[in-house]
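Structure at a glance
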Amino acid sequence: MKLIALVMLVAVLCVPAMFAQDEELNHGTIGAFMNYFRLEHADANMIGIGGRLGVNVHPNLQLEGEAAYDFERNFDTTIPLPGGAPNTFARSPLRLVHGLFGPKLQVGTGAFRAFVLAKGGFLNFSRNKNFAGAIGAVPNGDTNGVFYPGGGFEAYAGAIGIRVEAGDEMYWDNGANHNLRVTVGPQFRF
C-alpha cells in the first residue's frame, strides 16, 4: 500500500512538470542540416551543410533564418575558339551559398509536427577556391534572388529531434529556375 501511495505521489508531482517542460521548449529551434540541391540548368547534384535558427512568434508560427554552403563541384566547360579551331575544354569549380528567411507555419504538438514554409533570400554561385572566398563573394559575385516554398516534418524526443524538409528553391536569372532542395538534420528546441 505504501508503494502504491509513493508511486501516485511521484506521478502527481512529475506529470505536471513533464507537461510544463514541453511548454518551456516552445520558444524556438536551432539546428544543423545536410543540404541536397538539384541544380537543374547545369544537370548537377550539389551537396552541402547548413544551419538554421527559428523563433516562435505564436505556437503555430515561427520566423526562421538559415544559411547553407554547398561544396565544390567541378564541371567541364566548352570554350569555342574563333576561326573554326577545335573547342577547348576546361574544368571550372562551382560552390553555392544559400541564405533564406521567412515564416514557417507548423501544426501538431508534442513529439511530432508537420509544417509548410515560404522563404525569400539569395543564392550565390561562386568559383572561389575556398569557403571564406565563397562567403565573401556573396555581395559582389553572381548572386540571385530566391523564393523557396517547401514543407516537411519534425520528430522530437524531449528537446532533441530530427527535421526533414523538401521544396522548390527558385532563383531568378533570365526567368525563374526551379530546383529541388532537400534538407535533413538534427534540431533542438528551447
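Here's what I pulled together on the structure shown here. Each residue is numbered by its place in its chain's sequence as written, counting from 1. In keeping with the model being predicted, local features are shown solely for residues with a pLDDT of at least 70 and side-chain atom pairs are shown and tallied solely at 80 or more, while totals for entire chains, interfaces and linings include all residues. Water and hydrogen atoms play no part in the side-chain values, which are based on all heavy atoms of the structure.

Observations concerning the overall build of the protein
Helix and strand definitions follow DSSP, with helices as H or I runs of at least four residues and strands as E runs of at least two, each counted in order from the N terminus. Looking only at helices and strands, the protein features 2 helices and 10 strands. N-terminal to C-terminal, the α/β element order of the protein is α-β-β-β-β-β-α-β-β-β-β-β. Expressed as a percentage of the 190 residues in the protein, the buried residues total 37%. Taking contacts inside the protein between residues at least 6 apart in sequence as the whole, the part at least 24 apart equals 57%. Residue-level accessible areas treat just the shown protein chains as cover; the underlying method is Shrake-Rupley with a 1.4 Å probe. Surface summary for the protein: the accessible area is close to 10500 Å², and the carbon and sulfur share equals 70%. Between buried and exposed lies partly exposed: a residue is buried under 20% and exposed over 50% of the maximum accessible area for its type, with that area taken using a 1.4 Å probe on protein chains only. Between two residues, a contact is recorded if the distance between any of their heavy atoms is within 4.5 Å.

A look at the side chain of glutamate 165
Within the secondary structure, glutamate 165 sits in strand E7 (residues 160–168). What makes glutamate 165 buried here is its relative accessible area of 1%. Throughout this description, a polar contact denotes any pair of N or O atoms lying within 3.5 Å of each other; where both atoms belong to protein, one of them has to be capable of donating a hydrogen while the other can accept it, and for residues adjacent in sequence the pair is counted only when both atoms sit in side chains. Separated by 2.8 Å, the side chains of glutamate 165 and tyrosine 148 make a polar contact. Sequence-distant contacts of glutamate 165, that is, excluding residues within four places in its chain, are made with Arg52, Glu66, Phe115, Leu117, Tyr148, Gly151, Gly152, Arg181, Val182 and Thr183.

What about the pairing of strand E2 (residues 44–58)?
Whether two strands pair comes down to DSSP finding at least two bridges between them. Note that strand E1 (residues 28–39) and E2 share 12 bridges and pair antiparallel. Directly across from glycine 28, in E2, lies its bridge partner valine 55. Counted along the chain from E1 to the antiparallel partner E2, the turn is 4 residues long, and its residue aspartate 43 has a positive phi close to 50 degrees.

Describing the nonpolar core
Across soluble globular proteins, you tend to see nonpolar side chains buried next to one another. Buried residues of nine kinds, namely Ala, Val, Leu, Ile, Met, Phe, Trp, Tyr and Cys, make up a nonpolar core once their side-chain atoms join them within 4.5 Å. Among the nonpolar cores identified, the biggest contains 14 residues, and Leu39, Leu96, Leu123 and Phe125 are the most heavily contacted of them. Where this core is concerned, the elements lending two or more residues are E1, E2, strand E4 (88–107), strand E5 (112–126) and strand E6 (142–157). Top element by residues in this core is E5. It accounts for 4 residues. When residues no more than four places from it in sequence are discounted, the contact partners of leucine 39 are Ala44, Met46, Leu94, Phe125, Tyr171 and Asn179.

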